[in-house]
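Coordinate inspection notes
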Amino acid sequence: MYTMEGLTALEAAAIWAVFGVAILGLAYALFLRSQIMREDKGTPKMQEVWNAIREGADAYLRSQLRSIFPLIGILTVALFFSVYIIPPSQEALSRFANNTPQEVQLIIGIARALAFIMGSGFSLTVGQIGMRMAVQANVRVAAASRKSFGDSLRIAYRAGTITGMLTDGLGLLGGTLIFIYLGIAAPDALLGFGFGGTLLALFMRVGGGIFTKAADVGADLVGKVEAGIPEDDPRNPAVIADLVGDNVGDCAGMAADIFESYEVTIVSGLILGLALYHATGRLEWIIYPLIVRGIGVLSSIIGTYFVRAGKTGKSSDAMSAIFSGFLTSAVISAGLFFVAGFFYLQNLEQYGGWWRVPMAVAVGVLLAILIDRLTEYFTGTHASPVNDIKKAADTGPATLILQGISVGFESSVWSVLVIALTIMASILIFGTIPGITGAESVSFILYGVAMTGIGMLTLTGNNVAMDSFGPIADNANGIGEMSWSGQEDKETKAAQQIMADLDAVGNTTKAITKGVAIGSAVIAAVSLFGSFLVDVSRAQIGLNELAVAAGNVLPFPKLIGEVGIRVDLPNVFVGMLIGGALPWLFSSFAIQAVTRAASLIVLEVRRQFKLGVLEGKIPPDYKQAVNISTTAAQKELVSLALLGIVTPIVVGLLLQVEALGGFLAGIIISGQLLAVFLNNSGGAWDNAKKLIEDEPKNPAANTGKGSERHKASVVGDTVGDPFKDTAGPALNPMIKVVNLVAVIIAPIVVQYAGATGATQVVIWAVALVLVGVLAWAIIRSKAPAPAMK
């Protein structure tokens, strides 16, 4: 770090302080873990159910690791050799000025490969440890519900905070370590770090989403609709698989998802900050984002202690307490952004004032709050959209489904408008700097967008805690239902109501954090798009300089950073069409996978019911449903990931770098609209079902559990399950995988643009092989799941 030119003693101290804050976040996670583990685990029956969930979740994660490790190994080697295809960057040559260019390539290749492994490992750690802590917490939340509403809320939220602190701590630790060692050459390795985290998140999102919703849909259709038994009835052979799925999907998957968003926003921020460093000579553009991340960790820790409730309460009290913690962290962090900016960014006065950068970060925090409120409006139980869906149940499942679809469509419009206003805010903040015009102004604006994304995920600790709260409360409710089945005493009924209230809140918090994840994915993708333009322009400038030195004609008289991506060019428009279509193909395959696996579970549950499980003649065999979901999820992991990895490479090789830019624009727009629709419609259907279940049971009035209205809502919920927990969430990492791959390969595509002879033959041969890989991935995704014995 000390070899970086222009780094002051204060800046060096600030970087080490940020490193210390990352360690503090991890230490706080250990502190919270010790608190949670001291809580009561409840009765032997509760521990028996909990143990079955724990064993199923562990078995799934072991199976997942075996499926993905080979691809991780191949990509590690590919990333190492990727640096040899193009000359080393000027930043790398400057950082390692005492080494030859060949040695610099070796150093950067090793750094990128190790960063990829570190990003993958950290993402995996966040997901696995976060899931295991959620499993440890759910039985303790259920036990606490027999004593206090406030204790149940506290345990569930702080257990989720452990995952949040792991996300904060490891994300900040990895980025800071790379920056400390590589200095201004850090972006070369940070691309590997971000790609590793994003790829693992995609694996965990896809696999976990298929597992959880195959089990959930199968359990609901046969248990609730056909047999008329309650949710989480211990006689349902798919109930343990359903509870396992909540952990591997919402805990492990979501934690890894937000972790990679956390990584990717800092990667894009540093790449764009590096562009401004070259333009202005100021390191503040690079170091301030790391300071912002450190502030976020401290603010999230403080906000944890504002989430509390009394001995009694209801769902609205829990939601208010959780939002109070979130808002407290937001206010503290926003204030500290400006304090840090005032003392550190004074040297940026010549670029419009020190306040512009912290203002962009604060806009990101505001964006997170707006998406939070917007998502709660469309999916919460107290607003009109969910109540309109509930009312539509009066006339059957068809009208209920139609109403939910319309809610999802509308929510997508408002979400995209909020994101558009955020980008406009960046234009207003950075597009009005005196003396900065043209392509340089665009660089400042894109940097502002990246800082907005960093600000949006400043409260990652709170966001992950809110998300993990959902499956913890859901599992605790399930453990209670299975353990207390048949008990009608006052204490049990009160505990069941506490669990039902927290479960309903959990549905809303999950929807909110998915909304934040989607919003951050779009902001991160726009930032990466800016990084793509910067990297392509730099590659074009390098080739122009070589041409001038050799006395040749400039290969790129107009840089892409100056003329932008022109959609009137046919190849660019083709790239945009392909990019816009990819999220739909990806979602189709993900939902097909859930459908196939759920069908197998339906058949398995029916088989066991025919053998007398409902009558108590034989005990349910929970392992069969777990095995079916595990097998189905593993089948899709590699093939769906390959869609995101291979497609941008094929587009770049065959249609050139401008079309690759159009491809990225298409996937950002289409993916955002589709992801919000899937997330919010599914969440709204789920909470509409819960509103009907909370009604007094009255067959004459067609209200409550077991009524025709309830059955209609269950159908809507099962349709929405793969929307909100499989396809929608998995689009977030898929969009960023595509963008990161594009940023990595863009300089290579530029390097070999216009190649002829043997080089062109090799490029076409590689493209043909990759098209074959895509064909294999599509065929495998459409193939039926293996039959279970």
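See the structure above.
All residue numbers here refer to positions counted from 1 along the written sequence of the relevant chain. With pLDDT at 70 or above as the cut-off, local features in this predicted model cover only qualifying residues; side-chain atom pairs require 80 or more to be listed or tallied, and sums for whole chains, interfaces and linings still use all residues. No hydrogens and no water enter the side-chain calculation; it runs on all heavy atoms of the structure.

1. Quick look at the overall build of the protein chain
Quick reminder of the rule: A run of DSSP states H or I qualifies as a helix once it reaches four residues; a run of E qualifies as a strand once it reaches two. Both are numbered from the N-terminal end. Two things to know: the radius of gyration comes from C-alpha atoms, and the globule rule equals 2.2 Å times the number of residues to the power 0.38. Throughout this description, buried means an accessible area under 20% of the type-specific maximum (1.4 Å probe, protein chains only), exposed means over 50%, and partly exposed covers the range between.
Looking only at helices and strands, the protein chain has 20 helices and 0 strands in total. Relative to the compact-globule value of 28 Å for 789 residues, the protein chain shows a C-alpha radius of gyration of 26 Å, a close match. Across its three principal axes, the protein chain shows a C-alpha extent of roughly 90 × 55 × 45 Å. Taken over 789 residues, the protein chain has a buried fraction of 64%.

2. Focus: the packing of aromatic side chains
For the record, the criterion: Each pair of aromatic rings taken from Phe, Tyr and Trp, with Trp reduced to its six-membered ring, is defined by centres within 6.5 Å and is described as stacked if the planes are under 30 degrees apart, edge-to-face if over 60, and tilted in the remaining cases.
All told, the structure shown has 24 aromatic pairs when counted by the stated rule. Measuring from centroid to centroid gives 5.7 Å for W16 and F19, while their planes differ by 80°, and the two rings are edge-to-face. Taken together, the positions of W16 and F19, both in helix α1 (residues 9–37) and 3 residues apart, correspond to about one turn of that helix. For W16, a relative accessible area of 39% gives the class partly exposed. Taking 5.0 Å as the distance between ring centres and 80° as the angle between the ring planes, the aromatic pair formed by Y377 and F378 counts as edge-to-face.

3. Some details on the side chain of T304
Heads up, the rule is: Residue contacts are defined here by distance: any two heavy atoms, one from each residue, within 4.5 Å place the two residues in contact.
When you line up the elements, T304 lands in helix α8 (residues 284–304). Leave out the neighbours within four places in its chain, and T304 touches Y28, Y157, R158 and T161.

4. Comments concerning helix α14 (residues 460–483)
Inclusion rule: For a helix, the expected span equals 1.5 Å multiplied by the number of residues minus one.
Across its 24 residues, α14 extends 34 Å between first and last C-alpha, which sits within 8% of the 34 Å expected from 1.5 Å per residue. Buried residues dominate α14, accounting for 23 of its 24 residues.

5. A look at the packing of α14 against helix α15 (residues 490–550)
As a reminder of what qualifies: Helix axes are fitted to C-alpha atoms over the stretch in contact, other axes to C-alpha atoms as well, and angles between N-to-C directions run from 0 to 180 degrees. Left-handed describes a crossing whose near helix is turned anticlockwise from the far helix through less than a right angle; right-handed describes the clockwise counterpart. Three categories are distinguished: nonpolar for Ala, Val, Leu, Ile, Met, Phe, Trp, Tyr, Cys and Pro, charged for Asp, Glu, Lys and Arg, and polar for the others, with Gly belonging to the last.
Interhelical geometry of α14 versus α15 gives an angle of 145° and a closest axis separation of 7 Å. Helix-helix and strand crossings are classified by hand; for α14 and α15 the assignment is left-handed. Counting all contacts with α14, which are made through N463, M466, D467, F469, G470, P471, A473, D474, A476 and N477, the residues of α15 involved are Q496, M499, A500, L502, D503, V505, G506, T509, K510, I512, T513 and V516. Partitioned by chemical class, the residues of the contact of α14 with α15 number 11 nonpolar, 7 polar and 4 charged.

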